[in-house]
Amino acid sequence: MNQELSLSFIGGGNMASALASGLIGKRCGASDVHVIDVNETALARWREQGVGTAAAPDEQLSSRRVWIFAVKPQVMKETVAQCKPFLRPDTLVISIAAGIESGTLAGWLGGDKPWTRLVRCMPNTPALIGAGISGLLALDGVSEDDRAVAQLLLKAVGEIVWVDNDDQLDAVTALSGSGPAYVFLFLEALIQGGIDLGLDAQQSRKLALATLHGATQLAALSPETPATLRERVTSKGGTTAAALSVFEQQGFSALVQQAMRSAYQRAGQLATEFAK
Ligand SMILES: NC(=O)C1=CN([C@@H]2O[C@H](COP(=O)(O)OP(=O)(O)OC[C@H]3O[C@@H](n4cnc5c(N)ncnc54)[C@H](OP(=O)(O)O)[C@@H]3O)[C@@H](O)[C@H]2O)C=CC1
Ligand SMILES: O=C(O)[C@@H]1CCC=N1
């Protein structure tokens, strides 16, 4: 076993699966991964990939260098309490739970003193294809080694951005954590719009996907700002101007920002609701 990167997922649902699919084969073998989940259907899927499973925390946890908590915020407190007896001094804990603050987690994990081997992280589901992006937050006192291990793991599934505090990690949650859902919603709307205008479903899907992919790639590779690139598409009195004026009249940008603020505020609510 690669002791350095042996890891346990506590909660083996959607996000744990997305992370593991990038990690297995790149940073560790399937046998270096161990999953604890209360859901037998989820565990059966992991076993099919050669991953060891358990329905509750057990001694296996003690032998894992890294724990990744990937349960819902609603059950984080009780799940941490169940796992805590198996902590070892060298265990690095990573939490991906939305909202639950690092200081709260450090308190739950610690004894007399808060647990400092802790990195809070906000990944996203494109990790499944190695195209994720994760925000990472380490409390003061987290060693360079632990930061490096967390970074190595998350870089296996995409890009990373370190942030300075829990509020910023909640902002990451509102942007890139939840963001894939906003993009999928826009994609669905584009596809339906194409169908409504007479394209068949296959044509519309192909055109919509290539447009999103091409435009985001262009924005990533071009030195120009997104606003300049938008202006280049927009001929005076043309079709794009007609469409953009509808977006503007309906307050599209403000709506996106309002939605993001709602996600950010929900992260704050999760912190108070489920961290008592
Ligand atoms: N999905 C996403 O895009 C992202 C999610 N996250 C965060 O990741 C976490 C997990 O989300 P997601 O993967 O979507 O959720 P899922 O519901 O898909 O996965 C959570 C899994 O944990 C299981 N579980 C529940 N209680 C326990 C327990 N006490 N011990 C072990 N396992 C348990 C659940 O079983 P059962 O279903 O039976 O309850 C389920 O299989 C959340 O905190 C979320 O905020 C972060 C970034 C992105
Ligand atoms: O919806 C949620 O709460 C989680 C966090 C970010 C994406 N999914």
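Residues numbered from 1 in each chain as written. Chains lettered and ligands numbered in written order. Predicted model: local features only at pLDDT ≥ 70, side-chain atom pairs only at ≥ 80, totals over all residues.

**Student:** Explain the sheet that holds strand 7 (residues 132-138) residue by residue, including any values.
**Tutor:** Spatially, 3-2-1-4-5-6-7-8 is the arrangement adopted by the 8 strands of the open sheet, whose pairing is mixed. Each edge of the sheet is formed by a strand with only one pairing partner; in this case those strands are strand 3 (52-54) and strand 8 (158-162). Within this sheet the neighbouring strands show an average axis-to-axis angle of 25°, counted without direction. Strand direction decides the pairing type here: strand 1 (residues 7-10) and strand 2 (residues 33-36), joined by 4 bridges, are parallel. By the bridge assignment, S8 is partnered in strand 2 with H34. Where helix 5 (residues 144-155) meets the sheet, its contacts fall on strand 4 (66-69), strand 5 (92-95), strand 6 (118-122), strand 7 and strand 8, and the angle it forms with strand 7 comes to roughly 165°. (Pairing = 2+ DSSP bridges. Helix = DSSP H or I, 4+ residues; strand = E, 2+ residues; numbered from the N terminus. Axes fitted to C-alpha atoms, helices over the stretch in contact; angles between N-to-C directions. Contact = placed C-beta atoms within 7 Å.)

**Student:** Which residues make up the nonpolar core, and what are the values?
**Tutor:** Ranked by size, the top nonpolar core spans 56 residues in total, and within it I68, F69 and I94 carry the most contacts. Ranked by residue count, the leading element in this core is helix 1 (residues 14-23), at 6 residues. What I94 contacts, discounting residues up to four positions off in sequence, is V66, W67, I68, V119, C121 and A150. (Core = buried A, V, L, I, M, F, W, Y, C linked by C-beta atoms within 7 Å. Buried ≥ 20, exposed ≤ 12 C-beta atoms within 10 Å, placed from the backbone.)

**Student:** I'd like a description of the site of ligand 2, backed by residues and values.
**Tutor:** Around ligand 2 sit A98, T173, G177 and S178, and those are all the residues in its vicinity. Classifying every residue of the shell around ligand 2 gives 1 nonpolar, 3 polar and no charged. (Near = placed C-beta within 6 Å. Nonpolar A, V, L, I, M, F, W, Y, C, P; charged D, E, K, R; others polar.)

**Student:** Would you mind going over the UniProt feature "domain: Pyrroline-5-carboxylate reductase dimerisation" (unreviewed entry) in the protein chain in detail, with residue names and values included?
**Tutor:** Cross-referencing UniProt, the feature "domain: Pyrroline-5-carboxylate reductase dimerisation" (unreviewed entry) maps to residues 167-270 in the present numbering. Across residues 167-270 one finds 85% helix and 0% strand; the C-alpha atoms that close the span lie 13 Å apart. (UniProt positions renumbered as here; feature names shortened; annotations may be inferred.)

**Student:** Tell me what's going on with the environment of I133, and back it up with residues and numbers.
**Tutor:** Within the secondary structure, I133 sits in strand 7. Overall, the presence of 21 C-beta atoms within 10 Å leaves I133 in the buried class. Each residue touching I133, except ones within four places of it in the same chain, is listed here: N124, G158, E159, V161 and S176.

**Student:** Pulling in residues and values, what's your account of the UniProt feature "binding site: NADP(+)" (unreviewed entry) in the protein chain?
**Tutor:** The UniProt record marks I10, G11, G12, G13, N14, M15, A70, V71, K72 and P73 with the feature "binding site: NADP(+)" (unreviewed entry), using the residue numbering of this structure. Taken together, the annotated residues stretch across 64 residues yet fold into one region, lying no more than 14.2 Å apart by C-alpha. By secondary structure assignment, the location of M15 is in helix 1. Overall, the presence of 24 C-beta atoms within 10 Å leaves M15 in the buried class. Residues within four places of M15 in sequence aside, it is in contact with A70, I96, P123 and T125. Note on placement: P73 falls in the loop between strand 4 and helix 3 (76-83). Not counting the four nearest positions on each side in its chain, P73 is found in contact with A97, A98, G99, I100, L270 and F274.

**Student:** With reference to specific residues and values, describe the site of ligand 1.
**Tutor:** In the vicinity of ligand 1, 26 residues are found, and the nearest of them are G11, G13, N39, A97 and A98. The leading source of residues in the shell around ligand 1 is helix 1, at 3 residues. Among the residues forming the shell around ligand 1, the class breakdown is 15 nonpolar, 9 polar and 2 charged.

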